[in-house]
Amino acid sequence: MLHRDQGRDLLLRQIEINTISVSFGGMAQTMDQFHSYVLKQCGCEVTEKQVPKSLSLDGMAMGLLEAWKKYGNPRATVVFIVMSNERNIFDQRLVEWRLQEMDPRVRVVRHTLSHVAEEAAVVYFRSAYMPAHYTSDKDWEARLLIERSRTVKCPSVGLQLAGSKKVQQVLTQPGVVERYLGQERAALLRTTFAGQYALDEESDEQRRAVSHATECPDLYVMKPQREGGGNNLYGERVRTALCQDCPQLKAFVLMERLNPPCHSNWRLDAKTFTACPCTVGELGVFGVLLTEGETQLLNCQMGHLMRNKAVDADEAGVAAGFGGLGSLLLQ
């Protein structure tokens, strides 16, 4: 996301990394086609460079296909773990259909967590990222069975935890990313980091950040170890939480709140087409990572996603109803 700092410079800032139930890869690839068509119908000629294509759908299907091949049994299935009341089925079906277009031998099945009953080459989690998704011991037992099996997990428990807010906060600490990228690449990556501060340990930097957040809560956001949207604390809720002395506070990460530039836009939903005079955009980049032990078999960037929301909306989750899908329009 673009961030305008106090010196009024525009800077590129990383918000988070998602490693489980990464969604809208299917719809993202159709968005640029749709918006290019709409612009042309309105008399605006645009080039592919102005509305760059996203290959997110092809990339997600390719990653699942390579994992299915690596498993080595053509009779084994690709299992999508979904919710019983799944709302995001259309995006998921696009991935399923593109996967089977790439290789008709692949059989895709959809199950809730505790109903996986056949040999699976790949388990693709579109659920099981929130405590509410584990409704009984059967769900926990099923997750443990999957994790212990030979099936390719998307993601494994370890990779799911690597995407947690706490791990991302630790990666911002001095010397951590340098262990993996080296000094030069780490220095470049650090230019995208927003300030993040642990609330489960004390330091001079943490105490300064907490003091400043108590005085100016609108400049910060508090993030718990949760996914799915609607969990963060903003504004006065930040001040209230920081002034409380409770153990639950240690589960949060205090993060600098970004100040993105605004632009006019239009919102289209099932019933309305509404002018939005002031919206902000968040760019997501898809990646495919396939490993065997510590060996990387595949590691590549595949496409992008643009999400938009009203400037006064705290959250940007599309499935949660806070934001909408968009496209890049470059000048």
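Data block above holds the structure.
This structure is a prediction, so every number in the text was calculated from the model and none was measured.

A. Expanded view of the sheet that holds strand β9 (residues 233-234). One open sheet holds the four strands; their spatial order is β7-β10-β8-β9, and the pairing between them is antiparallel. A single partner strand is all that each edge strand has here, and the edge strands are β7 (196-198) and β9. Pairing of strand β8 (residues 220-223) with β9, which is carried by two bridges, proceeds in the antiparallel orientation. Paired with V221 across the bridge in β9 is Y234.

B. Inspection of the nonpolar core at higher detail. Ranked by size, the top nonpolar core spans 29 residues in total, and within it L64, W68, V78, F80, L99, V106 and V122 carry the most contacts. Elements represented by at least two residues in this core include exactly α2 (56-71), β3 (77-81), α3 (89-102), β5 (120-125), β12 (273-292) and β13 (295-310). The dominant element in this core, judged by the number of residues it contributes, is α2, at eight residues. With residues up to four places along the chain from it excluded, the contact list for V78 reads W68, L99, V106, R107, V108, V109 and V122.

C. Representation of the sheet that holds strand β6 (residues 152-154) in the model. Reading across from one edge, β4-β3-β5-β6 is the order of the four strands in this open sheet, with parallel pairing throughout. For this open sheet the edge positions go to β4 (108-111) and β6, each flanked by a neighbour on one side alone. Geometrically, the sheet is characterised by an average inter-axis angle of 20 degrees between neighbouring strands, direction not taken into account. As paired elements, β3 and β4 share four bridges and run parallel to each other. In the sheet register, V78 faces β4, and the bridge partner there is V108. Strands in contact with α2 are β3, β5 and β6; relative to β5, the strand with the most contacts, it is inclined by about 150 degrees.

D. Looking closely at the pairing of β12. Pairing geometry for strand β11 (residues 263-268) and β12, over five bridges, is antiparallel. In the strand pairing of β12, R267 is matched with T274. Taking the residues between adjacent antiparallel strands as the criterion, β11 and β12 are bridged by four residues. Relative to β13, β12 runs antiparallel, the two being bridged by 13 bridges. Residue V285 lies in a different strand from β13, and its bridge partner there is H304. Hairpin connection of β12 to β13: two residues between the antiparallel strands, including G293 at a positive phi of 65 degrees.

E. Looking closely at the pattern of salt bridges. Tallying each qualifying case throughout the model produces 16 salt bridges. Put simply, E292 and K70 hold a salt bridge, and the shortest N to O gap is 3.2 Å. Of the two residues, E292 is situated in strand β12 and K70 in helix α2; the sequence distance between them amounts to 222 residues. Assessed through its relative accessible area of 46%, E292 is described here as partly exposed. Taking the relative accessible area as the measure of exposure, K70 reaches 44% and is therefore partly exposed.

F. Inspection of unusual backbone geometry at higher detail. With an omega dihedral of 5 degrees, the bond running from C154 to P155 counts as a cis peptide bond. Locating P155 in the fold gives a position in the loop between β6 and α5 (157-162). For F24, which is not a glycine, the phi torsion comes out positive at approximately 70 degrees. Within the secondary structure layout, F24 lies in the loop between β2 (10-12) and α1 (25-41).

G. Spotlight on α3. In this model, α3 (14 residues) spans 20 Å end to end at C-alpha, consistent with the 20 Å of a helix rising 1.5 Å per residue. In this fold, the buried residues of α3 make contact with α1, α2, β3 and β4.

H. Broad picture of the state of the cysteines. Tallied over the full model, the rule gives zero disulfides. The thiol sulfur of C154 is not disulfide-bonded, and the nearest other cysteine sulfur, from C300, lies at 13 Å.

I. Seen up close, the environment of D204. With respect to the helices and strands, the residue D204 is situated in helix α9 (residues 204-215). Polar side-chain contacts of D204 include one of 2.7 Å to the side chain of R207.

J. Seen up close, α9. Taking 1.5 Å per residue, twelve residues should reach 16 Å; α9 reaches 17 Å between its end C-alpha atoms and fits that length. Where α9 is buried, its residues touch β7, β8, α10 (236-242) and β10 (253-256).

K. The arrangement of the packing of α1 against α2 in detail. It is at 6 Å that the axes of α1 and α2 come closest, and there the two elements cross at 150 degrees. Relative to α2, the element α1 lies roughly antiparallel. Residues G25, G26, A28 and Q29 of α1 touch α2, and the partners they reach there are S56, L57, D58 and M60. Taken together, the residues that form the contact of α1 with α2 break down as three nonpolar, four polar and one charged.

L. Here's a closer look at the environment of E201. Of note, E201 is situated in the loop between β7 and α9. The spatial distance from the C-alpha of E201 to the C-alpha of K250 is 8.0 Å, given a sequence separation of 49 residues. The residues touching E201, leaving out its near neighbours within four places in the chain, are K166, Q173 and Q206.

What counts and how
Residues numbered from 1 in each chain as written. Predicted model: local features only at pLDDT ≥ 70, side-chain atom pairs only at ≥ 80, totals over all residues. Heavy atoms only, no water. Pairing = 2+ DSSP bridges. Helix = DSSP H or I, 4+ residues; strand = E, 2+ residues; numbered from the N terminus. Core = buried A, V, L, I, M, F, W, Y, C linked by side-chain atoms within 4.5 Å. Buried < 20%, exposed > 50% of the residue type's maximum accessible area, 1.4 Å probe, protein only. Contact = heavy atoms within 4.5 Å. Axes fitted to C-alpha atoms, helices over the stretch in contact; angles between N-to-C directions. Salt bridge = Lys/Arg side-chain N within 4 Å of Asp/Glu carboxyl O. Expected span 1.5 Å × (residues − 1). Disulfide = S-S within 2.5 Å. Polar contact = N/O pair within 3.5 Å; in protein donor to acceptor, adjacent residues only side chain to side chain. Parallel < 35°, antiparallel > 145°, perpendicular 65-115°, else oblique. Nonpolar A, V, L, I, M, F, W, Y, C, P; charged D, E, K, R; others polar.

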